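Working through the structure, step by step
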Amino acid sequence: MINEKMRELGAKRSVIRELFEYGKKRKAEIGEENVYDFSLGNPSVPAPKEVNEAIVKLVTEEKSVLLHGYTSAQGDAGVRAAIADYINKTHGEEVTADCLYMTVGAAGALTSSLTALVSPGEEVIVPAPYFPEYKVFIERCGGIIREVPCDSELQLDISAIEAAVNEKTAAIIINSPNNPTGAVFSEGNIKALCDMLRGCEERLGRPIYIISDEPYRELVYDGVKVPYLTKYYDNTIVCYSFSKSLSIPGERIGYILVCPRCKEFTSVYQAVCGAGRALGFVCAPSLLQKLLPYCLGATSDISVYDRNRRLLLDRLSEYGFEMIKPEGAFYLFIKSPSGDAGEFCERAKKYEILIVPSDDFGCGGYARLAYCVTTEQIERALPAFERLAKSYKE
Ligand code: PLP
């Protein structure tokens, strides 16, 4: 029999994907340059030269037939060692290859981590607004999503999170820099979260895991620092992806890092491996794994996103829109002038502007604009934004 829950998920695309598909149709109708598509976090900045150079080098110089062969289920040992080395140098950590599990992007890392850590009926705390797929991933393993709104500055609301912790809490997902708000949780905020969670762990007599979802770690502006979670909390699992830092989201490569000081480290790592096996996620794409040692520390040209961010902040606030200044990622969270997210995005569509309503991110009243597009697209879209703003004043 067909699994009805899965059928429903497949039949109904996410709001983001729906809008992206609408954009493709609309571009075919009126021309690509006349549609201002800010729907999807698909980087327009090319991958850094290290990526293509490494691919060419590997396919032309690598003699081993195993270049395209299966690696170990958890990933190539040499690749994992190189990543461990990089993490240790960058974050002052002491991780080894055996703390890492290579995955198909952050999505693969999240589904495997959640499957490893969450049993049916257990809860996962998710600060809102949040990446909508979290709900799908949590519910797939029989877990229950427990949304906790962030505070008015879009930082973690520590007392609200504490109030949400109970005997069923398995984990909390932290995403900083954040999709959809662009917020970066400050060091003070992270320290307060970790202190509070340690208190809860003591009270409950068992671990509460932090799953740190980090596809945007390198995408920060104005010198903002993103705390590395393992340095603050032992029971941390990092879900990292190269999708955005290297502009290779379609290539699907990332990893899970289980903090070596995690309580019952061996069992947690085994559960991650078991989850990968149960999900059929063993051996992430081989060529993509092998290019990583050549690209660690490289990023695509992030200055383009910063330029886009500044341009949008300046001009949209001039037109009268309200938004919180993003410190990272490539999303701008704009307040709906009517207070209604759906109305705002539908109205924007009339001006050929495609932005995503915030309701699916677990919070009403905003729209998410993905500014990982070309600066020219933003410049072309500005008059349409001005007309959209005026329409609320008429
Ligand atoms: N987590 C967040 C917050 C994201 O924004 C995304 C993608 O946009 C993902 C996870 C999935 O990333 P990946 O493409 O690496 O699977």
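Above this text is the structure in question.
Attention here is on the structure that accompanies the text. (Residues numbered from 1 in each chain as written. Predicted model: local features only at pLDDT ≥ 70, side-chain atom pairs only at ≥ 80, totals over all residues. Heavy atoms only, no water.)

1. Some thoughts on the overall build of the chain
Across its full length, the chain holds 13 helices and twelve strands. For 394 residues, the compact-globule estimate of 2.2 N^0.38 gives 21 Å, and the C-alpha radius of gyration of the chain, at 21 Å, lies within 12% of that figure. Considered along the principal axes of its C-alpha atoms, the chain spans approximately 65 × 55 × 50 Å. Out of the 394 residues belonging to the chain, those deemed buried represent 54%. As displayed, the chain offers around 17,000 Å² of accessible surface, 51% of which is attributable to carbon and sulfur atoms. (Helix = DSSP H or I, 4+ residues; strand = E, 2+ residues; numbered from the N terminus. Rg over C-alpha atoms; globule rule 2.2 N^0.38 Å. Buried < 20%, exposed > 50% of the residue type's maximum accessible area, 1.4 Å probe, protein only. Areas by Shrake-Rupley, 256 points an atom, 1.4 Å probe, with all protein chains shown as cover.)

2. With respect to the sheet that holds strand β11 (residues 356-357)
Spatially, three strands are ordered β9-β12-β11 in an open sheet, and the strand pairing comes out antiparallel. On the outer flanks of this sheet lie β9 (331-335) and β11, each paired with one strand and no other. The pairing of β11 with strand β12 (residues 366-370) spans two bridges and is antiparallel. Counterpart to Pro357 in the pairing with β12 is Ala367. Taken strand by strand, helix α11 (residues 303-319) contacts β9 and β12, and its axis lies near 10° from that of β9. (Pairing = 2+ DSSP bridges. Contact = heavy atoms within 4.5 Å. Axes fitted to C-alpha atoms, helices over the stretch in contact; angles between N-to-C directions.)

3. Concerning unusual backbone geometry
Ser176 connects to Pro177 through a cis peptide bond whose omega is 0°. Structurally, Pro177 is set in the loop between β5 (169-175) and α8 (187-204). A cis amide bond links Asn179 with the next residue in sequence, Pro180, at an omega value of 25°. Of note in this structure, Glu264 is not a glycine but carries a positive phi near 55°. Mapping Glu264 onto the fold places it in the loop between β8 (254-258) and α9 (265-279).

4. A short note on empty space enclosed by the protein
In the structure shown here, the tally under the stated rule is three cavities of 30 Å³ or more. Quantified by volume, the largest cavity comes out at close to 50 Å³. Only β3 (123-128) and β5 provide two or more residues apiece to the lining of the largest cavity. Tallied by class, the residues present in the lining of the largest cavity amount to nine nonpolar, three polar and no charged. (1 Å grid on protein atoms, 1.4 Å probe; cavity = no way out; pocket = protein on both sides within 12 Å on 5 of 7 lines; lining within 4 Å. Points joined across faces, edges and corners; volume = space filled by probe spheres on them. Nonpolar A, V, L, I, M, F, W, Y, C, P; charged D, E, K, R; others polar.)

5. Things to note about the packing of α11 against helix α13 (residues 375-391)
The contact between α11 and α13 brings their axes to 10 Å, and the two run at 15°. If you check the angle between α11 and α13, you find them roughly parallel. In terms of crossing hand, the pair formed by α11 and α13 is right-handed. Between α11, through Val304, Arg307, Asn308, Leu311, Leu312, Arg315, Leu316 and Tyr319, and α13, the contact on the second element is made entirely by Thr375, Ile378, Glu379, Leu382, Phe385, Glu386 and Ala389. Per-class residue counts for the contact of α11 with α13 are nine nonpolar, two polar and four charged. (Parallel < 35°, antiparallel > 145°, perpendicular 65-115°, else oblique. Left-handed = near helix turned anticlockwise from the far one by under 90°.)

6. Some remarks on the pairing of strand β2 (residues 100-103)
Two faces make up the sheet, and in a regular strand the side chains alternate between them. With burial as the criterion, each face of β2 is covered, one bearing Leu100 and Met102 and the other bearing Tyr101 and Thr103. The pairing of β2 with β8 spans four bridges and is antiparallel. Pairing of Thr103 across the sheet is with Gly254, part of β8.

7. Re the site of the ligand
By nearness alone, 15 residues border the ligand, and Asn179, Asp213, Tyr216, Ser241 and Arg252 come closest of all. Note that an oxygen atom of the ligand is positioned 2.7 Å from one of the side-chain N or O atoms of Asn179. Structurally, the ligand is housed in the largest pocket. Sorting elements by how many residues they give to the shell around the ligand places helix α5 (residues 105-117) first, with four residues. (Near = heavy atom within 4 Å. Polar contact = N/O pair within 3.5 Å; in protein donor to acceptor, adjacent residues only side chain to side chain. Sits in = over half its atoms within 2 Å of the grid points.)

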